[in-house]
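Residues per chain, in single letters:
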Amino acid sequence: METKTRTKSAAKQKAVEKITGAEAMIRSLLAEDVDTIFGYIGGAIMPIYDALFNYEDKLKHVMVRHEQGAIHAAQGYARIKRKPGICFTTSGPGATNLVTGLADAMLDSTPLICITGQVGAALLGTDAFQETDVVSVSMPITKWNYQITNAEEIPEIMAKAFFIANSGRPGPVVIDITKNAQFEELDYKYEPASSVNNYVPKPKPLMSEVEKAAELINSCQKPLVLLGQGVTISGAEAEFKEFVEKAGLPVAATLLGLSSFPTNHSLYTGMLGMHGNYAPNINTNKCDLLIGIGMRFDDRVTGNLNTYAKQAKVIHIEIDPSEIDKNVKTDVAINADARQALELLIPKINRNSHEEWLETFSELHEIEFEKVISKDIHPDDGKMYMGEVVNTLSELTNGEAIIVTDVGQHQMASARYYGFQKQNSWISSGGLGTMGFGIPAGMGVALAEPDRPIFVIVGDGGFQMTVQELGTISQYKLPVKIILLNNDFLGMVRQWQQLFFSNRYSSTELTNPNFLMISEGFGVPSKQVSERDNLKETLQELIDVKGPFMLEVKVEKESNIFPMVPAGGTVSEMRLD
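Residues numbered from 1 in each chain as written. Predicted model: local features only at pLDDT ≥ 70, side-chain atom pairs only at ≥ 80, totals over all residues. Heavy atoms only, no water.

In this section: the overall build of the protein chain. Looking only at helices and strands, the protein chain has 23 helices and 22 strands in total. Radius of gyration (C-alpha) of the protein chain: 24 Å, near the 25 Å computed for a compact globule of 577 residues. A buried classification covers 59% of the 577 residues belonging to the protein chain. At a minimum sequence separation of 6, the contacts of the protein chain that also span at least 24 residues come to 76%. Here the protein chain has roughly 22500 Å² of accessible surface; of this, 49% comes from carbon and sulfur atoms. Mean positive and mean negative side-chain charge positions of the protein chain (52 and 71 charges, respectively) differ by 3 Å. (Helix = DSSP H or I, 4+ residues; strand = E, 2+ residues; numbered from the N terminus. Rg over C-alpha atoms; globule rule 2.2 N^0.38 Å. Buried < 20%, exposed > 50% of the residue type's maximum accessible area, 1.4 Å probe, protein only. Contact = heavy atoms within 4.5 Å. Areas by Shrake-Rupley, 256 points an atom, 1.4 Å probe, with all protein chains shown as cover. Lys, Arg positive; Asp, Glu negative; His and termini not counted. Charge placed at Lys NZ, Arg CZ, Asp CG, Glu CD.)

Structure representation (structure tokens):
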């Protein structure tokens, strides 16, 4: 695959210069406006780190405590900045420790450039010390990968890597570079890529499909729009808002679509999915038109596909052609960037309202509020629940903070009860559901948006998977405020065991350490709250504190997250208890 390149500006056009491959790698990052790198040094990438030493005034390197922390931090940074996050690791175990993050980034469309050191080219295939075939290992879970064995390849390959990672549907790229290529000299000249042969990142939408979509929207009686993360990735929040307001379309968000549309908007009906809101899930099987935008109809949204929205016409706006008709068959498919598609649709749709249809969402919401929400956020039994913690945080911050979560019950409580009012304020692991994601992702977010309040909400299980990154937070004084919702269980698995395995709690109850002592040991101040009467006051203390802080909240041990679509069930079978 050949690369066509052009310069971003005349100012970046530089004469050819002879430098080492390691130096070329650093300069290539600077040419792409990189300012932050997350990494962990080792023998096979040491030449690049030596070159980095001369650029500490231009490139901030964050030395994490584990390579998994590096890639999750890069993910958090990328998701907020909407440009590739960068991480460095050495060969062998350093590189393989990126695998979980690569898979996570691939499923959640997160742009990354992961640069892994490798043994010298002469040793490839000999099972040398810390040699792993990183290209083969990472191929199924990257958008593109490449092994550089010659220093002369660096400028072109790095330009291609950045273009591929951040164009079209974004994703992770791995560049594996042998040690000899880092030492070798080359005649260096860098030109950022503007295209790659046989790669079409933004397909041109067919106007015939746009016309068909407009006809369906203008004639429908019971529409429902499914808002996915693709709206945020394409920067289409304003166009999306104009689109739904003009046509009076009710909106439901996927897990990763949260914060793309304000939760207090009159057209917002809640979150889709297994633990989403009752109204949009029930009305999915009652609507006459389903409009999916920048989402992929994954199983957590659809439940049983055999009974999913069979009564409805389906419009799917999606940039990745492989996602169209993969799970849900469409009547109209617009294969395009969400923003471009919406810009074409808006002039063609009629101004409308669907007041009677919207009223059905309100009626269903009242049922959920009475049976679930009111008990979660205003319990009358004296116990502390996750929903009340998150709802109180939302009220105290006016829904304007960035929320980063790990994975589990606390994630669903956060998604359900934080009232997002600002765009791009929700960072969580969606498709892969990676425990341990929260703390390192929060570090990346803190470096990307140091002036916004950032809260990392974690459970006691996932917290212990990457707890060592408290050391990174302390060393770099990152303003990460952690809320540890501790129920002494792997709560989500325990909930399934209670509901579907006759309360047989196999390997889900945890004997936890003293989290306050651990946090203090890493140099992060901490506090615990176990009484509801102290919750609001303590959360306000957390909000007001400067710098990192960890607040442990002791919540009810065996509470459940409802509503819930049972595994294999349909969205119409959503349980409220």
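Here we take up the packing of helix H16 (residues 386–397) against helix H23 (residues 535–544). Where H16 contacts H23, the axes come no closer than 10 Å and their chain directions differ by 55°. By the angle class used here, H16 and H23 are oblique. The way H16 lies across H23 gives a crossing that is right-handed. Of the residues in H23, those touching H16 at Glu388, Val389, Thr392, Leu393, Leu396 and Thr397 are Leu535, Lys536, Leu539, Gln540 and Ile543. When its residues are assigned to classes, the contact of H16 with H23 shows six nonpolar, three polar and two charged. (Axes fitted to C-alpha atoms, helices over the stretch in contact; angles between N-to-C directions. Parallel < 35°, antiparallel > 145°, perpendicular 65-115°, else oblique. Left-handed = near helix turned anticlockwise from the far one by under 90°. Nonpolar A, V, L, I, M, F, W, Y, C, P; charged D, E, K, R; others polar.)

Let us look at the domain arrangement of the protein chain. As assigned here, the protein chain comprises domain 1 (3–196), domain 2 (207–360) and domain 3 (384–554). Centre-to-centre, using C-alpha coordinates, domain 1 lies 31 Å away from domain 3. With 25 residues of domain 1 in contact, the opposing surface of domain 3 contributes 28 residues. Buried surface at the junction of domain 1 and domain 3, summed over both partners, amounts to about 2100 Å²; 63% is from carbon and sulfur atoms. Among the residues domain 1 hides against domain 3, the three largest losses belong to Arg65, Arg79 and Ile80. Together they make up 31% of the total. Remark: the boundary between domain 1 and domain 3 carries zero salt bridges. Where domain 1 touches domain 3, the interface holds 12 residue pairs in polar contact (both at pLDDT 80 or more). Among the secondary structure elements, those contributing two or more residues to the side of domain 1 that touches domain 3 are strand S3 (36–39), strand S4 (60–63), helix H3 (67–81) and helix H5 (99–107). (Domains from an automatic or database assignment. Buried area = accessible area lost by both parts, 1.4 Å probe. Salt bridge = Lys/Arg side-chain N within 4 Å of Asp/Glu carboxyl O. Polar contact = N/O pair within 3.5 Å; in protein donor to acceptor, adjacent residues only side chain to side chain.)

Let us look at the sheet that holds strand S13 (residues 268–271). Reading across the sheet, the six strands line up as S13-S12-S11-S14-S15-S16 and stay open at both edges, with parallel pairing between neighbours. Of all strands in the sheet, those with a lone pairing partner are S13 and strand S16 (332–335), marking the two edges. For this sheet, the mean inter-axis angle between neighbouring strands, taken without regard to orientation, is 15°. Direction of pairing for strand S14 (residues 289–293) relative to strand S15 (residues 313–318): parallel, over a ladder of five bridges. (Pairing = 2+ DSSP bridges.)

All of the buried residues in helix H14 (residues 338–345) are Ala338, Ala341, Leu342 and Leu345. One side of H14 carries all its buried residues, which in axial view fall inside an arc of 95°. The secondary structure elements touched by the buried residues of H14 are helix H9 (207–219), helix H10 (230–233), helix H11 (237–247), S14, S15 and S16. (Arc of directions from axis to C-beta.)

Turning to the pattern of salt bridges, a few remarks are in order. According to the stated counting rule, one finds 19 salt bridges in the structure shown. A salt bridge links Glu17 to Arg27; the shortest N-O distance between them is 2.7 Å. Of this pair, Glu17 sits in strand S2 (residues 17–20) while Arg27 sits in helix H1 (residues 21–31), placing them 10 residues apart in sequence. Of the charged contacts in the structure, one is a salt bridge between Arg27 and Glu23, with a shortest N-O distance of 3.1 Å. In this pair, Arg27 and Glu23 both sit in helix H1, four residues apart, roughly one turn of the helix. The buried category is assigned to Glu23, whose relative accessible area is 14%. Connected through shared salt-bridge partners, Arg169, Asp320, Glu323 and Lys326 make up one network.

This paragraph deals with the environment of Lys160. One can find Lys160 in helix H7 (residues 154–166). Judged by its relative accessible area of 4%, Lys160 is buried. For the pair formed by Lys160 and Ser194, sequence separation is 34 residues and the distance between their alpha carbons is 8.6 Å.

With that out of the way, let us pick up the side chain of Asp176. Here Asp176 lies in strand S8 (residues 172–178). As a buried residue without a salt bridge, Asp176 has its nearest oppositely charged side chain in Lys179, at a separation of 13 Å. In terms of polar contacts, Asp176 uses its side chain to reach the side chain of Gln118, at 3.0 Å. Those residues within four positions of Asp176 in sequence are excluded, and the remaining contacts are Thr116, Gly117, Gln118, Val134, Tyr146, Gln147 and Ile148.

Quick look at the side chain of Arg416 now. When you line up the elements, Arg416 lands in helix H17 (residues 409–417). Engagement of the side chain of Arg416 in a polar contact is seen with the backbone oxygen of Phe562, the distance being 3.5 Å. Setting aside residues no more than four positions away along its own chain, Arg416 makes contact with Met271, His275, Gly276, Asn277, Glu368, Val372, Ile373, Ile561, Phe562 and Pro563.

Within the element layout of this structure, Asp187 appears in strand S9 (residues 185–188). Between the alpha carbons of Asp187 and Pro155 there is a distance of 9.9 Å; along the sequence they are 32 residues apart. Ignoring anything within four residues of it in the chain, the contact list for Asp187 reads Val16, Glu17 and Lys18. Engagement of the side chain of Asp187 in a polar contact is seen with the side chain of Lys18, the distance being 3.2 Å.

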